[in-house]
Amino acid sequence: MQLVGISASVVVGTLLVVVLWALRRRLLACERALERKEQELAVSRAAEQRLGEELVEARRAEEEARRARAEAEAASRAKSAFLANMSHELRTPLNSILGFAQLMERDLSLGHRHRENLMVICKSGEHLLGLVNDILEMAKIEAGRMTLVDADFDLHALLSGLSEMFSVEAQKRGLTLAIEREQDVPQHVHGDEGKLRQVLINLLGNALKFTPRGSVTLRAWARRSTGVREGGAHDGAAAARARVSFEVVDTGRGMAKEEIEELFEAFGQTATGRRSGEGTGLGLHISRRIVRMMGGDMQVESQPGRGTTLRFDVRLTLADAGDARPGGAAPRARRVVGLSPGQPRYRVLVVDDRWDVRHCLLKLLDSVGVEVRSATNGLGAVAQWETWSPHLVLLDLRMPLLDGYEAATRIKSSPRGRETVVVAMTASAFEQNRSLAAEAGCDDFLSKPFRDAEIFNLLTKHLGARFELEEGPAERRPAGPPAVDLARAAAGLPPSLRKDLRRAATRLDAKAVQAAIDRFRPEDAELAGAVAELARGYRFDSILALSSADEEEPS
């Protein structure tokens, strides 16, 4: 029994030891699990802290992005306002320059030399106006304000007008200009004629400017398709569409591959363009944007020394022949010399805060027999309208004391005022000015700089005025020198003489150019006369191109 008792106590002790050992192991396992949980909790807390920091950083970045976007929008609005203001400030004096030049052109007593000077003034003014319009067009693109103004027009007449427009310039430069139109090009189409002409003028002008010798060719061809309405019904002839393609090919100096890549960038110019000292580098950038708006795109192919080809296509809708108005260059108008007999004495009120604008319009209208008065601000305009009752008011929009919008609103607020024709005038060409003027009650809109023909057209359109026209052409300018192959003739000059001519043209030294001309006048009077004509027109770039016609392109 004692032995059994000892054995039982040993067994019990052993079992207790085993149980205690098992419990200890369980306790150690729980401690390790607890440690792991604590580590995981620490990691989770660290991750939560990092997530919170990232969330705070994301909120901060979002706030910075919102602030940067607001600053960019404010900068864009400020830039648009600046460009609109600068456009107004530049176009206003240009209006006076071109306006008074037109007044002088009406003087038939002017001699040959004075008319040549007027040609230079008008050409330089038109060139500066083109640069201002390019910058303004760029502002419209960036602000998303450029829109297409579609209408029916004659595409064949547009191409013929371009040929007439550039033929004289091509002859002066000794170049051959060709307009090739395939038979499949539709004549009557619906689209934005003005913007299509703008693109073609830019491409042809560049080609002529940078081609020292050879030719410039404009080609046009088309592919037609018939539109189908929803549901499968054909929409008839009005829905027929054509994709018209154009390409301008020149035999100029060409461009390297790296220059082609920068060709369409805003304010970008090739090496040839920079040497010419002309333009802003915006023309091709704007042209490609216009082409893309018209459903096409523009490509360029060029090799140094082998010329350049610029190609683009646009989508146009076919139009009926009766609806399409003639396109192309307007026919040369005859000068207005006075009102036709048997008409009332029309009264026109000119309202502008600038003396030069008022004086120019007063002289122009008075010269044809229109009774005219002026005012310097909106308050004066309302007072003159109340006491004098003009038939038509030419009203500037930006004036002190009372601007043109408010003046138009006051005039048009009465039954008698609604019978008065009010034409808004502004040197700012943004479209919202036209909309605001219409909302104020203006009957028409006139952009500065304006031409004398536009003023007379307004009187005919709104008052039914009829004018007497002179029998001869409106512009009695002297004929230019005979067309000669200038590049070929200049290449025959002695190298030393070409070098002197090139040096004088580079320095813009008119006297030195004339001295060089006098040296070869006895041998080639025709070439001397043509180069002298270029010098009188300050076309030193053309003289430089002629004198460098056979020089290798610098690397």
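That block above? That's the structure.
A. Quick peek at the overall build of the protein. Summing up its helical and strand segments, the protein has 18 helices and 14 strands in all. The contacts of the protein with a sequence gap of at least 6 include a subset with a gap of at least 24, amounting to 73%. As displayed, the protein offers around 30,200 Å² of accessible surface, 53% of which is attributable to carbon and sulfur atoms.

B. Examining the packing of aromatic side chains more closely. One pass over the structure, following the stated rule, counts 2 aromatic pairs. Ring geometry for Phe246 against Phe312: centres 5.2 Å apart, planes inclined by 25°, an arrangement best described as stacked. With Phe246 in strand β5 (residues 241–250) and Phe312 in strand β7 (residues 308–318), this residue pair connects regions lying 66 residues apart in the sequence. Of the two residues, Phe246 and Phe312, both sit in the buried class. Note on Phe456 and Phe467: the rings are 5.2 Å apart at their centroids and 55° apart in plane angle, and the pair reads as tilted. With Phe456 in helix α13 (residues 452–463) and Phe467 in strand β14 (residues 467–469), this residue pair connects regions lying 11 residues apart in the sequence. Summarising the burial analysis for this pair, Phe456 and Phe467 share the class buried. Lying over the aromatic face of Trp385, Arg416 brings its terminal NZ or CZ to 4.2 Å of the ring centre.

C. Region of the structure containing a nonpolar patch on the surface. Taken together, the side chains of Val19, Leu20 and Leu23 make up a nonpolar region of the molecular surface, amounting to roughly 300 Å² of accessible area. Tracing the sequence through the fold places Val19 in helix α1 (residues 2–105). On the accessibility criterion, Val19 (46% relative accessible area) is partly exposed.

D. Main features of a positive patch on the surface. Together, Arg25, Arg32, Arg36 and Lys37 make up a positively charged patch on the protein surface. Looking at where Arg25 falls in the secondary structure, it is placed in helix α1.

Rules behind the numbers
Residues numbered from 1 in each chain as written. Predicted model: local features only at pLDDT ≥ 70, side-chain atom pairs only at ≥ 80, totals over all residues. Heavy atoms only, no water. Helix = DSSP H or I, 4+ residues; strand = E, 2+ residues; numbered from the N terminus. Contact = heavy atoms within 4.5 Å. Areas by Shrake-Rupley, 256 points an atom, 1.4 Å probe, with all protein chains shown as cover. Phe/Tyr/Trp six-rings, centres within 6.5 Å; stacked < 30°, edge-to-face > 60°. Buried < 20%, exposed > 50% of the residue type's maximum accessible area, 1.4 Å probe, protein only. Lys NZ or Arg CZ within 6 Å of the ring centre and 35° of its normal. Patch = residues over 30% accessible without salt bridge, like charges linked within 9 Å, V, L, I, M, F, W, Y side chains within 5 Å. Salt bridge = Lys/Arg side-chain N within 4 Å of Asp/Glu carboxyl O. Lys, Arg positive; Asp, Glu negative; His and termini not counted. Charge placed at Lys NZ, Arg CZ, Asp CG, Glu CD.

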